[in-house]
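Structural characterization, general
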Amino acid sequence: MVKLVLISIFFYINLKASDIYSNLSLKNAYIDNHSLFSYAEGYLELEHETQYFDLNIIGRGYYGLTDKEYRDTWFERFLISRKLDNLSFSLGKQVLNWGESDYFRVVNILNPVDLRDYYLSYLNNPQSVTKSLWSLKLDYVGIENFGVNFIFIPDFEMDNLPDVYTGFSNKNIEYFKSLDTIKPDSLNLKDSSFALKLDTSLYDNDIALYYYHGWNSSPIQISKKEKKIFRRDMIGASISREINYFVIRAESALYLNDAIQTSNNYKKLNIVKSLIGIDWVNQDLSISTQYLNTHSEVENMHEISLYIEEKFYNNNLVLSNISLHNFTTGVGLDEFKFKYRYTENINFYLGYDVFWGDEGVLSNYSSQNRLFFNLEFFIN
Amino acid sequence: MKKILNLILLVSFPSVIFAEVTSAFKIMENLKWRNDGQSRASEIKLDIVDSNGNTRTRKIEYIELDKGKSRFTILYVDSPRDVRKTTILIKNDSSRKNHTKSDIWLYIPILGKTKKLSSKNKSGSFVGSNFQYSDLEWIILEDFIYTLKGEEKVNGRSCYKVEAKALDKNVIEKTSYSKKILWIDKKYDLIVKEDFFNRDGFLFKQLRVNKIKKIDGIRTIVKQTISNLINSQKSIMSLSNVKYDINPSPSIFRKQSLGERPRW
């Protein structure tokens, strides 16, 4: 509550000289286990331009309607940025996105994810459930089409797992959350992360190279009492290009000596992730498909995604469907969504999710098929 | 004598056509390269009116930079709020060999990512309006064959009437237009009226310029309406806060910068 008041005071003080955007969503899901999960979600954004820098602040929060313990408020972004001719910087709490893939995290691993309500939030809005970190980003644009992106991250946060109130948690998740965690200190220079990206456009190809020295934000269980956050080093590359009516995207990452969970402990090994995606757009219809392979000495996993979207009535009605399937574990999900823009300030959403399979993260949701209905209001 | 006359006609007729094509091309070149500053920016309001008269409004920020023979365009969607921050970057380089192809990138806010789009399909609706991407990009002269069809007055002003026929099937596929008729203001080098013919050769869209204003010494279209004759919808594009020669930082025209409100 104190945080909410502070955020409101901050926005009020800055109201006169800034652009303010806000919205409120009411989210309701009827879940397969005969429970109704409802909550309200708020979003407040401030854009403030000064002679020397731009300030962008986003405050977010949610409030459980079916369970009052499900509530939180936080700053998603608190960012100062400045653009000069060839150099730009942004300093503050921010989300940094890398790579060409949608949904699958291959090189896009700089920020942890917030899966407190359920995994589907990540599919619906990957940006909003990616947890921001305090960091400094420097972008240098050299000769035409060549850019260098340096990121310094002194902050650290873990991924959030589903809360018990949502119906998307289970005994295994609760047990895992209860373990003591060995993790790096936040805002400690020794435990800082850094990342470097080089990008260019060559013969109509958008090419980028990546290096990340940081942390795996997903903890690994190391004993019956403890889980631990391990260091992560990643080298990656991506390319995208237009070929006739298609855009082909590919990216690959090598995780060096990465820790993975095994049935009785953990193991450190090299992991290679490779993704290829194809996008096709024809007027208001778009189709996008991806294939991801994760390879190491202990596993060889094949996953696909398929996204289809069509817009109708001047883009006011959007029908979309996303399917994910893991051929190795046999788990997957399908989500259909109907979005209607009733006015410029009111949207509503209707849809369903269906899960299948018995292994892996998604199998935890196999009895959580749901129907959902969301209302979204924009207040300005 | 008659034979000689026929011979003269036979020889001169293709050259008359050639002259019309050449002069029409010159008119189009003048249109493309008209003096409108090295950079420009404005706020765009798009009113989309359906067949029942219901209006939906879109607000877009537009900023453009010419660098040599290249043009970089940014369109930043401000409203509707649910798609705010959606940003389109179009790069057209008239100096490169295959310059009939533009590079297009789209920033999608919910993904927090910029994706490349195929430039082979520009017939998609721009933010749900009756304008399509190909209507908004810098003219690609080589996509059409132009013929001067004479001169006509539009709103009391002298205009060239130019017919533009799609060069081949690929252009029809890309733009969805088989033919266009353009009325170009002789003095201002501006399109003031345009008829669009679909893949089957039928007139299906009409553009009419409603208001031209002199801003910073440059004649600027500040209001235009495009009407779809098939579904009886229309979209009215109004420009405000138009500025020329704003000298924006080239770094904002990078795919990495998309999603942020373009400042200069």
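Only a predicted model underlies this, so the values are computations on that prediction, with no experimental measurement involved.

Considerations on the nonpolar core
All names here are of chain B. Membership of the largest hydrophobic core comes to 29 residues, with the highest contact counts inside it found for Leu 46, Ile 60, Ile 74, Leu 89 and Phe 253. Put simply, the parts of the chain that give this core at least two residues each are β1 (39-49), β2 (55-67), β3 (70-79), β4 (87-93), β5 (103-108) and β13 (234-244). Ranked by residues supplied to this core, first place goes to β3 with five residues. Ignoring anything within four residues of it in the chain, the contact list for Leu 46 reads Thr 57, Arg 58, Ile 60, Val 127, Ser 129, Ser 235 and Met 237. Counting residues in each nonpolar core, the second largest holds 20 residues, with Met 28, Tyr 146, Tyr 177 and Val 192 among its members.

Considerations on the interface of chain A and chain B
The partner chain B presents 34 residues to the 41 residues of chain A that form the contact. Broken down by secondary-structure element, the contributors of at least two residues to the side of chain A that touches chain B are β1 (19-31), β2 (35-49), β6 (133-141), β7 (146-153), β13 (231-243), β14 (246-261), β15 (266-282) and β21 (370-378) of chain A. Within the side of chain A that touches chain B, the residues separate by chemical class into 10 nonpolar, 17 polar and 14 charged.

A short note on the pairing of β6 of chain A
Residue and element names in this part refer to chain A. Residue alternation in β6 divides its side chains into a buried set, Leu 133, Ser 135, Lys 137, Asp 139 and Val 141, and an unburied set, Trp 134, Leu 136, Leu 138 and Tyr 140. In this sheet, β6 lies alongside strand β5 (residues 87-94) in antiparallel orientation, the contact comprising eight bridges. Its bridge partner being in β6, Leu 91 is matched across the sheet by Leu 136. Two elements, β6 and β7, share six bridges in a ladder whose sense is antiparallel. Counted as the bridge partner of Val 141 is Gly 147 from β7.

What about the pairing of strand β10 (residues 205-215) of chain A?
All names here are of chain A. Pairing analysis gives nine bridges linking strand β9 (residues 193-202) to β10, with the strands arranged antiparallel. Paired with Asp 199 across the strands is Ala 208, a residue of β10. Between β9 and β10, which follow one another and run antiparallel, lie two residues, and Tyr 203 among them has a positive phi close to 50°. Pairing between β10 and β13: 11 bridges, direction antiparallel. Bridging from a neighbouring strand, Ala 208 pairs with Ser 238 of β13.

What to know about the environment of Asp 258 of chain A
Residue and element names in this part refer to chain A. On the secondary structure map, Asp 258 appears in strand β14. Given 19 C-beta atoms within 10 Å, Asp 258 falls into the partly exposed group. C-alpha of Asp 258 to C-alpha of Leu 269: the two residues are 11 residues apart in sequence and 5.3 Å apart in space. In this view, Asp 258 contacts Asn 216, Arg 232, Lys 268, Leu 269 and Ile 271; residues no more than four positions away in its chain are not counted.

Describing the sheet that holds strand β8 (residues 180-182) of chain A
Residue and element names in this part refer to chain A. Strand order across the open sheet formed by three strands is β8-β12-β11, with mixed pairing between neighbours. At either end of the open sheet lies a strand with only one pairing partner, and these are β8 and β11 (220-221). Inspection of the sheet shows β11 paired to strand β12 (residues 226-228) by two bridges, in the antiparallel sense. Pairing of Ile 220 across the sheet is with Lys 228, part of β12.

About the cut-offs
- Residues numbered from 1 in each chain as written.
- Chains lettered and ligands numbered in written order.
- Predicted model: local features only at pLDDT ≥ 70, side-chain atom pairs only at ≥ 80, totals over all residues.
- Core = buried A, V, L, I, M, F, W, Y, C linked by C-beta atoms within 7 Å.
- Buried ≥ 20, exposed ≤ 12 C-beta atoms within 10 Å, placed from the backbone.
- Helix = DSSP H or I, 4+ residues; strand = E, 2+ residues; numbered from the N terminus.
- Contact = placed C-beta atoms within 7 Å.
- Nonpolar A, V, L, I, M, F, W, Y, C, P; charged D, E, K, R; others polar.
- Pairing = 2+ DSSP bridges.

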